[in-house]
Amino acid sequence: MIEQTLSIIKPDAVERNIANKIKVFFEKNNLKILKSKKVKISKEEASEFYKAHQTKPFYKELCNYLSSGPIVVMILEGENAVSKNRQLMGATDPSKAEEGTLRKMYGLSIGKNSVHGSDSAENGKTEIDFFFK
Ligand code: CDP
Ligand code: MG
């Protein structure tokens with residue numbers, strides 16, 4: 001099934017100028033970048049975006065981090081794009097991510113793990129609307 005998902009290149013990756021490498025990696029792996037823009041969001045916007053995590057101990061740090069610098073937000077489209085993107089990203093903790101995944105290649109820590117990807121088709125729609133509506 002062809003579907004869409006939201007991808008974010010997080011501040012640690014934008015800062016290191018590897019956004020383009022990450023985009024090429026998606027395209028090479030058959031995820032088409034339908035839309036892409038570089039933005040900087042406020043702490044309030046980050047808190048809204050990550051509200052599903054509001055009870056987690058890392059929530060505040062996470063929101064501070066996502067709003068700390070420019071990010072690149074993208075709509076990816078392809079066969080099973082949600083799960084495909086999650087596979088390409090690898091585990092949340094880069095030290096546990098499989099070889100060849102983005103987080104293994106580029107992630108610095110569990111917080112600064114270079115990329116975000118929607119975790120379901122439904123959340124994908126909500127997250128795409130958040131940035132592109
Ligand atoms: O991003 P992913 O869906 O893999 O993980 P999540 O459980 O939805 O957590 C969202 C983000 O919170 C992660 O990507 C990390 O940046 C951050 N996080 C953290 O800083 N410390 C944790 N123990 C777990 C997640
Ligand atoms: Mg998640």
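Above this text is the structure in question.
Residues numbered from 1 in each chain as written. Chains lettered and ligands numbered in written order. Predicted model: local features only at pLDDT ≥ 70, side-chain atom pairs only at ≥ 80, totals over all residues. Heavy atoms only, no water.

Undergrad: Go over the packing of aromatic side chains with me, naming the residues and quoting the values.
TA: In this structure the tally under the stated criterion is four aromatic pairs. Both rings, one in Phe49 and one in Phe131, keep their centres 5.4 Å apart while their planes meet at 55°; by these two values the pair is tilted. Residue Phe49 is located in helix α3 (residues 43–49), and its partner Phe131 is located in helix α7 (residues 121–132); the two are separated by 82 residues in the primary sequence. Of the two residues examined, Phe49 and Phe131, each falls in the buried class. Feature note: the residues Phe49, Tyr50, Phe130 and Phe131 constitute an aromatic cluster, connected by ring pairs. (Phe/Tyr/Trp six-rings, centres within 6.5 Å; stacked < 30°, edge-to-face > 60°. Helix = DSSP H or I, 4+ residues; strand = E, 2+ residues; numbered from the N terminus. Buried < 20%, exposed > 50% of the residue type's maximum accessible area, 1.4 Å probe, protein only.)

Undergrad: Describe the sheet that holds strand β1 (residues 2–9), naming the residues involved and giving the relevant values.
TA: In space, the four strands of this open sheet follow the order β2-β3-β1-β4, with antiparallel pairing throughout. Lying at the two open borders of the sheet, with one neighbouring strand each, are β2 (32–39) and β4 (115–117). When strand polarity is set aside, the average angle formed by the axes of neighbouring strands in this sheet is 20°. Pairing of β2 with strand β3 (residues 71–79) involves seven bridges; the strand directions are antiparallel. Residue pairing for β3: Lys38 is matched across the bridge by Val72. Helix α2 (residues 19–28) contacts β1, β2, β3 and β4 of the sheet and is inclined by roughly 5° relative to β3. Seen against the sheet, α7 touches β1, β2, β3 and β4 and runs at an angle of roughly 55° to β1. (Pairing = 2+ DSSP bridges. Axes fitted to C-alpha atoms, helices over the stretch in contact; angles between N-to-C directions. Contact = heavy atoms within 4.5 Å.)

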